[in-house]
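Here are the chains, one letter per residue:
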Amino acid sequence: MTGENMHPRINSVLQRQTAGEKVEVAGWVRTRRDTGGFSFLEVNDGSCLANLQIIADKTLENYEQDVKRLTTGCSVRVEGTLQKSPAKGQAVELLASRIEVVGWADPEQYPLQKKRHSFEFLREITHLRPRTNALGAVARVRSRLSFAVHSFFQQKGFIQVHTPIITTSDCEGAGEMFQVTTARPHAGTGKGGLEEEFFGRRAGLTVSGQLQAEVYALALGNVYTFGPTFRAENSNTSRHLAEFWMIEPEMAFCDLHGNMRIAEEMLKYCLRDVMLNCPEDMDLFDRFIEKGLLAKLRNVTDLDFAHITYSEAVETLLSCGKTFEFAVQWGIDLQSEHERYLSEEVYKRPLIVTDYPAAIKPFYMRVNDDGRTVAAMDILVPGVGEIVGGSQREERYDVLESRMRAAGIDPAEYGWYLDLRRYGSAPHAGFGLGFERLVQFVTGMANIREVIPFPRTPGFAPC
RNA sequence: UCCUCGGUAGCUCAGCCGGUAGAGCAGGUGGCUGUUAACCACCUUGUCGGCGGUUCGAAUCCGUCCCGGGGAGCCA
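Residues numbered from 1 in each chain as written. Chains lettered and ligands numbered in written order. Predicted model: local features only at pLDDT ≥ 70, side-chain atom pairs only at ≥ 80, totals over all residues. Heavy atoms only, no water.

Undergrad: Got a minute to help me understand the pairing of strand β13 (residues 351-357) in this structure?
TA: As a general feature of sheets, a regular strand has side chains that alternate between the two faces. Of all seven residues in β13, six are buried; the element is thus mostly enclosed. The sheet contact formed by strand β12 (residues 306-309) and β13 spans four bridges and is parallel. Each bridged residue has a counterpart across the sheet, and for Ala-306 the counterpart in β13 is Leu-351. Summarising the sheet, β13 and strand β14 (residues 373-381) pair through six bridges and their orientation is antiparallel. Note on β14: the bridge partner recorded for Leu-351 is Leu-380. (Buried < 20%, exposed > 50% of the residue type's maximum accessible area, 1.4 Å probe, protein only. Helix = DSSP H or I, 4+ residues; strand = E, 2+ residues; numbered from the N terminus. Pairing = 2+ DSSP bridges.)

Undergrad: Is there a simple way to think about helix α5 (residues 256-277) in this case?
TA: Side chains of residues three or four places apart in an α-helix project in the same direction, reflecting 3.6 residues per turn. Across its 22 residues, α5 extends 31 Å between first and last C-alpha, which sits within 8% of the 32 Å expected from 1.5 Å per residue. The N-terminus of α5 is capped by Asp-255, whose side-chain oxygen sits 3.0 Å from the backbone nitrogen of His-257. (Expected span 1.5 Å × (residues − 1). Polar contact = N/O pair within 3.5 Å; in protein donor to acceptor, adjacent residues only side chain to side chain.)

Undergrad: Would you mind showing me how to read the layout of surface pockets here?
TA: Left-over empty space is what a probe sized like a water molecule reveals as it rolls over the atoms. In this model, the second largest pocket occupies a volume close to 740 Å³. Looking at the second largest pocket, it is lined by 31 residues, and the ones nearest its centre are Arg-30, Arg-131, Thr-132, Asn-133 and Ala-134. Listing elements by their share of the lining of the second largest pocket, those giving two or more residues are β1 (22-34), α2 (119-124), α3 (133-155) and α6 (279-289). Per-element tally for the lining of the second largest pocket: the top contributor is α3, with six residues. Mapping the lining of the second largest pocket onto the domain boundaries places at least three of its residues in each of domain 1 (10-103) and domain 2 (129-451). (1 Å grid on protein atoms, 1.4 Å probe; cavity = no way out; pocket = protein on both sides within 12 Å on 5 of 7 lines; lining within 4 Å. Points joined across faces, edges and corners; volume = space filled by probe spheres on them. Domains from an automatic or database assignment.)

Undergrad: Help me understand empty space enclosed by the protein, please; the structure alone is not making it clear to me.
TA: Going through the model one piece at a time under the given rule, you end up with one cavity of 30 Å³ or more. The computed volume of the largest cavity comes to approximately 40 Å³. Residue lining of the largest cavity: Leu-267, Leu-271, Val-300, Phe-305, Pro-350, Val-381, Ile-387, Leu-438 and Phe-441, and that is the complete set.

Undergrad: Explanation requested: unusual backbone geometry in the structure shown.
TA: Peptide bonds are, in most cases, trans, and in most cases residues other than glycine have a negative phi. We note that Lys-348 has phi near 55°; this positive angle belongs to a residue other than glycine. In this structure, Lys-348 sits in the loop between α9 (336-346) and β13. For Asp-355, which is not glycine, the phi torsion reads 55° and is therefore positive. Following the sequence through the fold, Asp-355 ends up in strand β13. Given the relative accessible area of 21%, Asp-355 is considered partly exposed.

Undergrad: Where do I start with the domain arrangement of chain A in this structure?
TA: When the parts of a complex come together, some accessible area is lost, and that lost area is often used as the size of the interface. Here chain A is partitioned into domain 1 (10-103) and domain 2 (129-451). With centres defined by C-alpha atoms, the gap from domain 1 to domain 2 works out at 45 Å. Taken together, the eight residues of domain 1 in the interface contact seven residues of domain 2. Buried area between domain 1 and domain 2, both sides added, is near 630 Å², and the carbon and sulfur share of it is 42%. Its largest share of buried area at the contact with domain 2, domain 1 owes to Trp-28, Arg-30 and Leu-49, together 71% of the area lost on that side. Inspection of the domain 1/domain 2 interface yields zero salt bridges. (Contact = heavy atoms within 4.5 Å. Buried area = accessible area lost by both parts, 1.4 Å probe. Salt bridge = Lys/Arg side-chain N within 4 Å of Asp/Glu carboxyl O.)

Spelled out as structure tokens, the structure:
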């Protein structure tokens, strides 16, 4: 065999009822236990959380030379007969007729032990951590969530748009851009101007696909992007990454209410999908990562999200009798402690805050009739905080242009963006959903660095 | 980036009123048992985060840098 990956995966093997069936599996040894005349091997191939228990009898020709030397991390290929397991813990097990050691893992060197490891330690071995129960489960759930995002939008007729990774337009307010350039900083020629720039102008990695998504929304109606996003902020928190994935739907002929409806529907769809399709992994998170996780998620899928305007939020915070470290006042941005109080103590479920002061929000958000607020919405979830940020976009040319000037942005630089308002403008709205924050919320993982395979943070990008 | 706590064996941590280290787990060897965080006995392991300073002497005190946790800011 081989290159073809012909063997069944362990998740399907464990489903089978038919004892006596011959099967071959391949995977990594999690542990070996010896008993009188044979050994138990637990083999995991990543297809599911559960291991397949292998019965390795000492009559196997390589029992002494190979099987007895197997340790955590070794890769094996096992051929045998499926049988009902007489002991608790598993319904079926594989009575091996042949065990081939594919790759050894020196137990004195291999960093993973058959014991619990801290996530901080596992982060130092990014290349090995998916072999653990928790990180493997995160990978499967993340994959399923990604699939759910696509199914949700595809079922609703949204068209996926691949917005550029390299961009020359900064989505104002979204954070620092990583520079992309071919120019050598120390060429020694004295040169170094824009003529050396590959694109002839400053370019960077995208901080948001929104502006380009708007282009396609105003042509195709409902679109979404789902791609990597980069922020060169010196952020050191459990919910920020320098490279993360963002989902950004953009809908033409849609207002803030339609925007909020889609966001809520989408979040509920994703949670239901992953609870239905990853029950074992979700159970692991519920038991070991965040007690009560499943109840929390069901609470989200079963209840309507709470709604409050920024002004109402300010009133609530002012009259609740609680003292906050940062004083509340209309016009200032809500602090973490304020958001947390509202979502975790007052509403105890996802909370949508709308209509923020225009002064604290980006130029592209649509100005409300009161002239001082914009049609913005943030969705706050208990534990993670802001998971969605969105708005109805300013579709009125004159208003948009004056807001750009007020924000110190040269309208000439954004001619293409203004054109969307000049020709066949239409109300439209959209939002950004931080994919890793969604994975965090769904898995209960405390640190965002555990929900992306290869986290990038200030000073950290090992492989 | 700011505040705060921490960095000691492969991992998790104790030792920190200065006198050059210890436990549990992991690993090794042997035994036992349809085992499943297996069990029992014995054994091994350390630039005490880096650099500099104080001191007869520093894991321990001081400075600085790096890294991690918690909180904050930025946001998704």
